[in-house]
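# Summary of the model geometry
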Amino acid sequence: MSIAENLIRVLARISHAEHKNGRNHGSVRLLAVSKTKPIDAVQAAVDAGQRCFGENYLQDALPKIEYFRDQNLEWHFIGPIQSNKTRSIAESFDWVHSVDRLKIAQRLSEQRPEELPDLNICIQVNLSGEASKSGLTADELVDLLKACTLLKRIQIRGLMLIPAANTNFEQQKQVFQQLANLLQRMNQQLGLKMDTLSMGMSADLEAAIAAGSTIVRIGTDIFGARQ
Ligand SMILES: *Cc1c(COP(=O)(O)O)cnc(C)c1O
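Anyway, here's the lowdown on the structure attached to this text. These numbers were taken from a predicted model, which means no experiment stands behind them.

## Focus on the packing of aromatic side chains
Scanning the entire structure with this criterion turns up three aromatic pairs. A ring pair is formed by Phe53 and Trp75, whose centres lie 5.5 Å apart and whose planes are at 35°; its orientation type is tilted. Of this pair, Phe53 sits in strand S2 (residues 52-55) while Trp75 is found in strand S3 (residues 74-77), placing the two residues 22 residues apart along the sequence. An angle of 75° between the planes, with centres 4.8 Å apart, marks the rings of Tyr67 and Phe68 as edge-to-face. Its relative accessible area of 1% is what places Phe68 among the buried residues.

So, in structure tokens, the structure goes:
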């Protein structure tokens, strides 16, 4: 399968899941996760019409962002963030999905160049039973959200989740539903207007869309297995 064919299949899965769950066509955005993949792979996806790309490793991402600079692509940082990398992230990306502490949000806010639009931010949440250790608990989330609303040059758009691997659809959906409920509760409690649920990967995008995902992050099913 080529990258173009894979993209068509993934977009069809997204459309099907939108339809099946009574969601509007186009309400779920596809983020193509190109981490570790070469420029040619990104080029193949761009040629097939894909505009939004997700990267986890700054060193690996910067040459790609530079190469495609005049193509008006949208770049999303989705990996763990070390504080000495925030300046480069703030200068080069449109979105950051993996903010998990105030220090990082503050640095991104201070370091976002004036001439660029606000940086879109999601807070990475860690619900119980997850494989990944990064992310905040629901209690920590309230304090971080309150503090973040005061920061300039960043927009808090929503929440991001990397759940533990699970092959059961209903169990996958249940975890995603918890994140959706948390977003709604935070919006009500804090008077926010967060509109983004970054959840769903190659193996669980259908369950994520059933629970309200607005951005699915797909690597393997577009670009093939990673080394
Ligand atoms: C690698 C990665 C993905 C893509 O995962 P696939 O299973 O390859 O689709 C999505 N989100 C994050 C945060 C990742 O690190």
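## Side note on the site of the ligand
Near the ligand lie 13 residues; those nearest to it are Lys35, Asn56, Ser202, Gly219 and Thr220. In the environment of the ligand, a nitrogen atom lies 2.8 Å from a nitrogen or oxygen atom belonging to the side chain of Arg217. When the ligand sits alone it has 390 Å² of accessible area, and the protein chains cover 89% of it. Looking at side-chain class alone, the shell around the ligand contains six nonpolar, four polar and three charged residues.

## Quick word on the packing of helix H6 (residues 138-148) against helix H7 (residues 169-190)
Two elements in contact, H6 and H7, have axes separated by 11 Å at closest approach and are oriented at 45°. Looking at the two axes, H6 sits oblique to H7. Where H6 crosses over H7, the two elements pack in a sense that is right-handed. Taking contact as the criterion, the partners of Ala138, Leu141, Val142, Leu145 and Lys146 in H6 are, on H7, Leu182, Arg185, Met186, Gln189 and Leu190. Residues belonging to the contact of H6 with H7 are distributed by class as follows: seven nonpolar, one polar and two charged.

## Here's the deal with the pattern of salt bridges
When the charged atoms of two side chains with opposite charge come close together, those side chains can pair. Under the counting rule described, the total for this entry stands at nine salt bridges. The shortest N-O distance in the salt bridge between Asp60 and Lys64 comes to 3.9 Å. Of this pair, Asp60 and Lys64 both sit in helix H3 (residues 58-67), separated by four residues, roughly a single helical turn. Classification of Lys64 as buried rests on a relative accessible area of 3%. The partner of Glu114 in a salt bridge is Arg153, with the nearest N and O atoms 3.4 Å apart. Linking Glu114 in the loop between helix H5 (102-111) and strand S5 (119-125) with Arg153 in the loop between H6 and strand S6 (154-161), this pair joins segments that are 39 residues apart in sequence. Among the ionic contacts, a cluster of salt bridges with common partners joins Arg13, Glu206 and Asp221.

## Considering the pairing of strand S4 (residues 95-99)
Among the five residues that make up S4, five are buried, leaving the element largely enclosed by the rest of the structure. The sheet contact formed by S3 and S4 spans two bridges and is parallel. Residue pairing across strands places His76 opposite Trp95, the latter belonging to S4. For the crossover that starts at S3, traverses helix H4 (residues 86-92) and ends in the parallel S4, the hand is right-handed. As paired elements, S4 and S5 share three bridges and run parallel to each other. Residue Trp95 lies in a different strand from S5, and its bridge partner there is Asn120. In this region the chain leaves S4, passes through H5 and returns to the parallel neighbour S5; the handedness of that crossover is right-handed.

How each quantity is defined
- Residues numbered from 1 in each chain as written.
- Predicted model: local features only at pLDDT ≥ 70, side-chain atom pairs only at ≥ 80, totals over all residues.
- Heavy atoms only, no water.
- Phe/Tyr/Trp six-rings, centres within 6.5 Å; stacked < 30°, edge-to-face > 60°.
- Helix = DSSP H or I, 4+ residues; strand = E, 2+ residues; numbered from the N terminus.
- Buried < 20%, exposed > 50% of the residue type's maximum accessible area, 1.4 Å probe, protein only.
- Near = heavy atom within 4 Å.
- Polar contact = N/O pair within 3.5 Å; in protein donor to acceptor, adjacent residues only side chain to side chain.
- Areas by Shrake-Rupley, 256 points an atom, 1.4 Å probe, with all protein chains shown as cover.
- Nonpolar A, V, L, I, M, F, W, Y, C, P; charged D, E, K, R; others polar.
- Axes fitted to C-alpha atoms, helices over the stretch in contact; angles between N-to-C directions.
- Parallel < 35°, antiparallel > 145°, perpendicular 65-115°, else oblique.
- Left-handed = near helix turned anticlockwise from the far one by under 90°.
- Contact = heavy atoms within 4.5 Å.
- Salt bridge = Lys/Arg side-chain N within 4 Å of Asp/Glu carboxyl O.
- Pairing = 2+ DSSP bridges.
- Right-handed = clockwise from strand over helix to strand, strands pointing away.

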